[in-house]
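A structural walkthrough
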Amino acid sequence: MALSFRICSSPLICRATLSNGDNGRNHHAIDAAFIRRAADLAEMSAGLTSPHPNFGCVIATSSGKVAGEGYLYAQGTKPAEALAVEAAGEFSRGSTAYLNMEPGDCHGDHTAVSALVQAGIDRVVVGIRHPLQHLRGSAIRELRSQGIEVNVLGEDFESKVLEEARKSCLLVNAPLIHRACSRVPFSVLKYAMTLDGKIAASSGHAAWISSKLSRTRVFELRGGSDAVIVGGNTVRQDDPRLTARHGQGHTPTRIVMTQSLDLPEKANLWDVAEVSTIVVTQRGARKSFQKFLASKGVEVVEFDMLNPREVMEYFHLRGYLSILWECGGTLAASAISSSVIHKVVAFVAPKIIGGSKAPSPVGDLGMVEMTQALNLIDVCYEQVGPDMLVSGFLQPIPDLLPVIPSEDATVEIDPSVDPFEPSIIFFYKTWDLYGKNDDYMTWSSVEHYYQANKFVGVENPMAHDCVEKIRTARSPEEAALIGRSTLRQKPELVRNDWEDVKIEVMYKALKCKFSTYPHLKSILLSTVGSVLVEASPHDLFWGGGREGEGLNYLGRLLMQLRSEYLGESSVSAENTSSA
Ligand SMILES: NC(=O)C1=CN([C@@H]2O[C@H](COP(=O)(O)OP(=O)(O)OC[C@H]3O[C@@H](n4cnc5c(N)ncnc54)[C@H](OP(=O)(O)O)[C@@H]3O)[C@@H](O)[C@H]2O)C=CC1
Ligand SMILES: Nc1c(N[C@@H]2O[C@H](COP(=O)(O)O)[C@@H](O)[C@H]2O)[nH]c(=O)[nH]c1=O
């Protein structure tokens with residue numbers, strides 16, 4: 001009896017398990033099916049929510065019917081849980097909510113938890129706990145403290161079918177889970193090869209090996225990644241565009257890795273009107289070409305040691321969660337040897353090209369015996385048009401289970417995680433403890449307000465349209481994309497005094513945000529005594545830069561606001577004591 005009670009904290013499932021094994025299995029199968037559906041929903045916005053997780057939610061009635069569904073569309077938009085209970089309406093009362101992942105209950109923002117509580121949800125089933133330590137467990141504790149029964153797969157009950165459902169939750173947020181456990185982004189090596197294992201003819205010609213349908217799948221893969229990376233030789237041979245052209249998802253940054261910087265002056269990747277390109281190279285390589293790239297708007301980053309690990313650690317610091325490697329075999333071998341590739345996706349076309357010198361997907365790995373071969377894990381096979389898509393993992397997704405804190409454990413940030421000086425607080429992305437939380441009254445976020453202000457007051461209907469587009473953008477990222485690309489493509493729409501007023505605009509937006517949300521103000525005040533630095537390695541105006549060379553205006557404005565709030569509170573304290 002005691003064992004059954006420990007495994008099943010749900011009275012419903014408990015009774016079923018105790019009285020009838022088949023019923024218990026049925027309940028597990030039902031829970032597993034809904035959790036898988038929540039994971040599928042979460043997958044629908046892959047790439048768009050980065051650097052946040054992908055969340056999906058299903059509300060199911062006690063008779064097992066779906067009453068409502070939702071998924072987080074993008075960073076800063078309505079939580080999946082709120083959308084699902086809205087869709088379910090009155091049916092939410094007494095229902096079960098299935099979540100692929102514990103909500104991120106970020107910086108006192110309880111929207112997801114409140115939505116479930118207010119809707120009268122009886123039970124919540126969670127696929128996996130939040131992987132980031134400072135967010136982990138708090139939403140689950142809050143839901144339980146509100147009297148809602150919460151079951152976490154793998155903790156409250158286990159079975160093969162539930163384990164598979166849990167795996168689908170791990171898969172959908174693999175990039176974030178890797179980020180939580182390692183210092184490199186989640187990397188996928190993708191290639192298309194002929195049946196005889198070639199990725200191009202011996203001439204280097206490769207267009208096309210895989211079918212149109214397969215290439216559309218590649219656009220989807222790109223749309224779900226933060227960046228696509230190729231080696232210098234692929235740029236010279238293919239002149240690729242590396243854009244996501246299926247019309248959905250976001251547009252990943254293009255990265256070129258080149259030691260020599262011996263690249264053509266005319267290349268599709270140097271057109272950065274729609275999508276940005278970053279070239280990473282050896283320090284000191286072809287300075288004049290670096291200047292040429294900069295004049296085209298291409299960012300060049302120099303490395304003392306240009307190798308896949310250093311480059312991935314750099315992009316991890318820049319906040320990238322997932323990278324798609326679309327390079328040839330030379331760079332692929334180097335990346336695999338450096339252990340930065342987590343997953344392989346191979347399109348195999350039923351074609352034979354032959355050629356003993358034709359390139360293959362992975363160059364020399366220094367292996368001499370078949371026993372040394374790397375075996376993929378969790379291999380999947382899928383037919384895509386005439387091609388076969390084979391995918392699998394080179395490294396397993398880290399298991400989150402062993403590090404789950406007890407229910408009552410106080411969740412603290414481990415200072416060893418980021419070896420920064422304690423008197424300096426670096427913040428950057430929203431998942432950092434001190435990251436921004438861009439909820440904001442009239443405008444959806446500070447980002448919406450700031451970007452729109454670039455075009456406010458300009459007597460041109462296109463500027464008005466742009467302000468409106470930014471105002472109604474579905475996420476802060478989309479607002480930033482519209483604002484930045486319009487500034488680059490149509491500088492005539494930008495107000496004349498923008499450079500003079502932009503700090504004031506940001507200050508006003510921040511002041512409004514911190515005054516509107518007391519929990520954000522108290523986080524800001526809790527940093528007293530610390531220097532605040534926006535840890536953006538590339539934004540040298542608002543951020544601190546890679547080596548402290550940035551002006552850090554965002555950090556400065558926050559410290560100014562903090563002083564003002566402190567001043568206000570000491571004046572009111574004086575008034576109280578003198579009264
Ligand atoms: N079918 C498919 O899926 C694909 C086919 N291809 C084909 O493959 C061929 C190109 O293959 P490949 O030459 O292997 O191209 P890569 O994309 O692997 O480029 C190799 C280049 O990467 C740069 N590089 C920078 N750092 C490193 C490092 N640490 N290790 C290795 N390389 C590094 C160097 O550039 P630099 O010389 O500038 O210093 C090197 O020459 C082309 O014919 C192309 O069409 C390419 C991609 C996918
Ligand atoms: N040849 C080949 C691929 N090649 C990859 O796609 C790049 C070209 O992308 P784009 O210019 O955006 O169309 C190219 O440089 C290489 O990385 N991919 C595939 O799915 N199937 C193929 O047959």
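Let us look at the structure shown here. (Residues numbered from 1 in each chain as written. Chains lettered and ligands numbered in written order. Predicted model: local features only at pLDDT ≥ 70, side-chain atom pairs only at ≥ 80, totals over all residues. Heavy atoms only, no water.)

Digging into the site of ligand 2
Near ligand 2, the surroundings consist of 17 residues, among which Lys 190, Ile 209, Ser 210, Arg 241 and Glu 326 are the closest. Lys 190 places a side-chain nitrogen or oxygen 2.8 Å from a nitrogen atom of ligand 2. In isolation ligand 2 has 520 Å² of accessible area, and contact with the protein removes 91% of it. For the shell around ligand 2, the secondary-structure elements that each account for two or more residues are β6 (186-194), α9 (212-223) and α10 (232-238). Take the shell around ligand 2: its biggest share by element is three residues, from α9. Of the residues that constitute the shell around ligand 2, the class distribution is seven nonpolar, three polar and seven charged. (Near = heavy atom within 4 Å. Polar contact = N/O pair within 3.5 Å; in protein donor to acceptor, adjacent residues only side chain to side chain. Areas by Shrake-Rupley, 256 points an atom, 1.4 Å probe, with all protein chains shown as cover. Helix = DSSP H or I, 4+ residues; strand = E, 2+ residues; numbered from the N terminus. Nonpolar A, V, L, I, M, F, W, Y, C, P; charged D, E, K, R; others polar.)

Notes on the pairing of β6
Within β6, nine of the nine residues are buried, leaving the element largely enclosed by the surrounding structure. Neither face of β6 is open: one carries Phe 186, Val 188, Lys 190, Ala 192 and Thr 194, the other Ser 187, Leu 189, Tyr 191 and Met 193, and all of them are buried. With seven bridges connecting them, β6 and strand β12 (residues 343-349) associate as parallel partners. Counterpart to Leu 189 in the pairing with β12 is Val 344. (Buried < 20%, exposed > 50% of the residue type's maximum accessible area, 1.4 Å probe, protein only. Pairing = 2+ DSSP bridges.)

A few points about the site of ligand 1
In the vicinity of ligand 1 there are 27 residues, among which Asn 233, Thr 234, Asp 238, Thr 258 and Thr 330 approach most closely. Gly 204 places a polar main-chain atom, nitrogen or oxygen, 2.8 Å from an oxygen atom of ligand 1. At 2.6 Å from an oxygen atom of ligand 1 is found a side-chain nitrogen or oxygen belonging to Asp 238. For ligand 1, whose accessible area on its own is 920 Å², the fraction buried by protein is 88%. Secondary structure elements with two or more residues in the shell around ligand 1: β6, α10, β8 (253-258) and α13 (329-337). If one sorts the elements of the shell around ligand 1 by residue count, α10 sits on top with six residues. Of the residues that constitute the shell around ligand 1, the class distribution is 11 nonpolar, 13 polar and three charged.

Observations regarding the packing of helix α4 (residues 80-88) against helix α5 (residues 111-118)
Closest axis-to-axis distance for the α4/α5 pair is 7 Å, and the angle between their directions is 25°. What the angle tells us is that α4 and α5 run roughly parallel. Crossing handedness for the pair α4 and α5: left-handed. Along its contact with α4, which presents Glu 81, Ala 82 and Val 85, the element α5 presents Ala 112, Ala 115 and Leu 116. Looking at the contact of α4 with α5 residue by residue, the class counts come to five nonpolar, no polar and one charged. (Axes fitted to C-alpha atoms, helices over the stretch in contact; angles between N-to-C directions. Parallel < 35°, antiparallel > 145°, perpendicular 65-115°, else oblique. Left-handed = near helix turned anticlockwise from the far one by under 90°. Contact = heavy atoms within 4.5 Å.)

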